[in-house]
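Next come the chains, spelled out residue by residue.
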Amino acid sequence: MKTTARSPLGRLAPVAARMPPDLPLVVLDAALVTAAYAAVTVLRFEGAVPSDWFAGLRRFLPAAVIVHLAVNWMFGLYGQMWRHAGVHEARRVLLAGTTSGLLLGLLFLARGRTVPASVVLLGAAIAMMGVAGLRFQSRLFAFHRGTGRQGVRVVVVGAGESGAAIVRDMLRSPGTGLVPVAALDDDPRKHGRRLAGVPVIGGLDRLPDAVARHGAEQALLAIPSADGEVVRTIAMAADAVGLPLKVLPSVAELLGGEVTVRDLRDLSIADLLGRQQIRTDLAAVEGILRGRRVMITGAGGSIGAEITRQVAACDPAALLLLDHDETHLFDLAAGLDVPCVQLLADVRDAAGVDEVFARHRPEVVFHAAAHKHVPLLEGHPCEAVTTNVVGTANVVAAARRVGVSRVVFISTDKAVRPSSVMGASKRVGEHLVLTGAPLDAHWCAVRFGNVLGSRGSVVPTFMRQIASGGPVTVTDARMTRFFMSIEEAVQLVLQAAVYASGHEVFMLDMGRPIRILELAERMIRLSGRRVGTDIPIRITGVRPGEKFAEELRDRDEDATPTPHPSIIRLCPPLPRERALADGLAQLTALARRRQHAAAAEELFALADPAGAPRVLTIPEAADRQPAADPAG
């Protein structure tokens, strides 16, 4: 049988594999302790140690080594991954060194002076520093390794906890290809200091210096709590010096744990317009949803789907998803991690709605089913009436029959002094819900502006136009709209549902209105293109039903605050039930006969009886040049 000679290192490999992983660290600690006390003794006697003190040191060193190693073990200084150590581990090193020094001091007093007192005190301190240096050497020299590393040179904006965490992660993760070279912060107390070894060179006005002197090639926004105004300021500063900008997610998006490079993402339009930090009373929201049968109509739409996801997290007894579009309904249900009931039904079908409510008997209903596109509905008022008005009446009637305790109607700012068919239909929907509410029920409407990223709205439309090379179409340079992310809007919808006592409208604080032209310009720049040069903007003219600016409340609506700073309670004047019922019957008959102009006229009269007559020209509304819809 042929054998292969093994090298000495090869013969030692099995022994090394069985060796405790911390044995080399223990040996190094013992050597550091021995060297520390021996060096202090030699320095104490200026290199000429008397024989009796030298003999005492020989007796003292074994005890010192045993005490230090035992205390290190007690404080958990073995079995750690020191590459990722932080403040907590540094505190344990300090406590272990201090404890070792105290124990050796007591031993020194109890057994007589075998070595000078200065040797005990200074030796313990130096030994502690050596133990710490041995464990933290990868962190101590990370900056020097990082600055010499090849990769994209990054200037970090924000020298707080998140900034420090992201710098540390870049330094210890060379595979990311990111090298932090400078940090910026508006706090003057941080200027001239170092953030995990990276210099804080000043405020945002020093961004050009970060490029010129430190060679920054990319900016990184490390302020998760930054609101839209701060993000816009930083984005403009980065754009001015030609730096691409990456961001950490907002506080609401971070799910806990240490911030890492994996959390970084490209700047989005939601960062520039939104990033509101919504405070939600989750316990109160769960209190009205947990253990209850909750139905969402229009569940497959953008708003309905987000309501579904947030309600699902509140542990309802049953999650009832109603929609007339089987594809959207199927896709929504497939993406949920909780059981749900898919209800393929149309709110315009009174018998179908009655059957679904009678069979499942929901206790909470979020009514989000609606047609919503302003220009399209201008040419199809009967469709707006049938879905937004008759459909809402069907839901209200079915909810009354089965005793639904809480109904939340999703409304819009376009219901205020409506100038469009869509807005008027939503205003009538508010009237139906509020007048139809039983006396002891918590029925309400929630009114808000445009949501970022909803299907067919202005942001996806602009993205599609930019991707195709333009032009980006804007109806009028003076046009403004309120914007909020879908997640933020739905959080506030759920919170408003908690406050509902019946017969009221809740208005969401949408922040400041944004000019649609400004939005288009920002999105073009965000795509890395130049406005007018790479992507042109074309003004197409105001379309029927559009307002230059939307409002969230009418002048005759009494407003009172709620416990939430972003939610206002409104008490609108309501029509008499008989007048509303007669108007609904007339409107339904006109829509059934497809009398568009007459239906639109009756719709506006029912929405705002005191308002000025509104003239609708159907062919004009249907034939206008398509443009981005800020009302989507």
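Quick notes on the rules
Each chain has its residues counted from 1, following the order in which its sequence is written. Totals for whole chains, interfaces and linings use all residues, but because this is a predicted model, local features are given only for residues with pLDDT of at least 70 and pairs of side-chain atoms are given and counted only at 80 or more. To obtain the side-chain values, all non-hydrogen atoms of the structure were included, while hydrogens and water were left out. Computed over the protein atoms alone on a 1 Å grid, cavities are sets of points where a 1.4 Å probe fits but cannot get out and pockets are open sets with protein on both sides within 12 Å along at least five of seven lines; a residue lines them when it has an atom within 4 Å of a point. Grid points are joined across faces, edges and corners, and a volume is the space filled by probe spheres set on the points. When residues are grouped by polarity, Ala, Val, Leu, Ile, Met, Phe, Trp, Tyr, Cys and Pro land in nonpolar, Asp, Glu, Lys and Arg in charged, and all others, Gly among them, in polar. In this description a helix means any DSSP run of H or I spanning at least four residues, a strand means any run of E spanning at least two, and both kinds are numbered starting from the N terminus. A strand pair is defined by DSSP finding two or more bridges across the two strands. Inter-axis angles, ranging from 0 to 180 degrees, are taken between N-to-C directions of lines fitted to C-alpha atoms, where helices are fitted over the stretch in contact. In this analysis, rings of Phe, Tyr and Trp, with Trp reduced to its six-membered ring, are considered paired at centre separations within 6.5 Å, and the interplanar angle assigns stacked below 30 degrees, edge-to-face beyond 60, and tilted for intermediate values. Two conditions define a charge sitting above a ring: the NZ of Lys or the CZ of Arg must be within 6 Å of the ring centre, and it must be within 35 degrees of the ring normal. Summary of the burial criterion: residues with accessible area below 20% of their type's maximum are buried, those above 50% are exposed, and those between are partly exposed, where the area comes from a 1.4 Å probe applied to protein chains only. This arc corresponds to the set of directions leading from the helix axis out to the C-beta atoms. Every residue pair with non-hydrogen atoms within 4.5 Å of one another is taken to be in contact. pLDDT measures the predictor's confidence residue by residue and takes values from 0 up to 100. Here roughly perpendicular refers to angles of 65 to 115 degrees, roughly parallel to angles under 35, roughly antiparallel to angles over 145, and oblique to all remaining angles. Helix crossings are classified by the rotation of the near helix relative to the far one: an anticlockwise turn of less than a right angle makes the crossing left-handed, while a clockwise turn makes it right-handed.

Trainee: It is not clear to me how empty space enclosed by the protein should be interpreted in this structure. Could you clarify?
Mentor: Tallied over the full model, the rule gives 2 cavities of 30 Å³ or more. Lining the largest cavity are 10 residues, and of these Lys414, Gly545, Glu546, Lys547 and Glu550 sit closest to its centre. Considered class by class, the residues forming the lining of the largest cavity number 2 nonpolar, 3 polar and 5 charged. Residue lining of the second largest cavity: His68, Asn72, Leu77, Val93, Ala96, Gly97, Met128 and Val131, and that is the complete set. For the lining of the second largest cavity, the elements supplying multiple residues, two or more each, are helix H3 (51-74), helix H4 (87-111) and helix H5 (117-140). The element best represented in the lining of the second largest cavity is H4, accounting for 3 residues.

Trainee: Explain the sheet that holds strand S13 (residues 442-448) to me, please; I cannot follow it from the model alone.
Mentor: Where strands meet in a sheet, backbone hydrogen bonds hold them as pairs that are either parallel or antiparallel. Ordered in space as S10-S9-S8-S11-S12-S13-S18-S22-S21, the 9 strands form an open sheet in which the pairing is mixed. Each edge of the open sheet carries a strand with a single partner, namely strand S10 (341-344) and strand S21 (558-561). Averaged over all pairs of adjacent strands, the angle between their axes in this sheet comes to 25°, without regard to strand direction. Bridge analysis of strand S18 (residues 504-508) against strand S22 (residues 567-571) gives 4 bridges, and the strand direction is antiparallel. Bridging across to S22, Met507 finds its partner in Ile568.

Trainee: Help me out: how do you make sense of the sheet that holds strand S1 (residues 152-157) in this one?
Mentor: Pairing is mixed across the open sheet formed by 7 strands, whose spatial order is S3-S4-S2-S1-S5-S6-S7. The open sheet terminates on both sides in strands that have one partner only, identified here as strand S3 (194-195) and strand S7 (265-266). One ladder, built from 2 bridges, connects strand S6 (residues 245-247) with S7; its direction is antiparallel. Across the sheet, Lys246 pairs through a bridge with Asp266, a residue of S7.

Trainee: Help me out: how do you make sense of the packing of aromatic side chains in this one?
Mentor: The tally for this structure, following the rule as stated, stands at 1 aromatic pair. Measuring from centroid to centroid gives 5.3 Å for Tyr37 and Phe60, while their planes differ by 75°, and the two rings are edge-to-face. Of this pair, Tyr37 sits in helix H2 (residues 23-44) while Phe60 sits in helix H3, and the two are 23 residues apart along the sequence. Note that Arg44 overlies the ring of Phe45, its terminal NZ or CZ placed 4.8 Å from the centroid.

Trainee: Would you mind showing me how to read helix H11 (residues 282-289) here?
Mentor: Along H11, the residues that are buried comprise Val285, Ile288 and Leu289. Considered in projection along H11, the buried side chains sweep an arc of 95° and stay on one side of the axis. Contacts from the buried residues of H11 go to strand S8 (293-297), helix H12 (302-312), strand S11 (364-367), strand S12 (406-412) and helix H19 (486-499). One or two steps after H11, the chain reaches Gly291, where phi turns positive at roughly 75°.

Trainee: Please clarify how the confidence of the model for the protein chain should be interpreted in this entry.
Mentor: A low pLDDT score tells you not to read the predicted coordinates there in detail. Confidence along the protein chain averages 82 in pLDDT terms, with 85% of residues attaining 70 or more. In the predicted structure, residues 1-19 sits below a pLDDT of 50 and forms 2 contacts with residues beyond four places in sequence or in another chain. Counting contacts from residues 615-632, a segment whose pLDDT is below 50, to residues more than four positions away or on other chains yields 53 contacts.

Trainee: What exactly am I supposed to notice about the packing of helix H16 (residues 381-402) against helix H21 (residues 577-592) here?
Mentor: When two helices pack together, you describe them by how their axes are tilted relative to each other and by the distance separating the axes. Two numbers describe how H16 lies on H21: the axes approach to 10 Å, and their chain directions differ by 140°. One way to sum up the angle between H16 and H21 is to call them oblique. Remark: the crossing between H16 and H21 carries left-handed chirality. Contacts between H16 and H21 pair Cys382, Val385, Thr386, Val389, Val390 and Ala393 from the former with Leu584, Leu587, Thr588, Leu590 and Ala591 from the latter. A per-class count over the contact of H16 with H21 returns 9 nonpolar, 2 polar and no charged.

Trainee: What is the right way to look at the pairing of S1 in this model?
Mentor: Inspection of the sheet shows S1 paired to strand S2 (residues 178-184) by 6 bridges, in the parallel sense. Considered in S2, the bridge of Arg153 is made with Val179. Both S1 and strand S5 (residues 218-221) contribute to a ladder of 4 bridges, which runs parallel. Opposite Val154, over in S5, you have Gln218 as the bridge partner.

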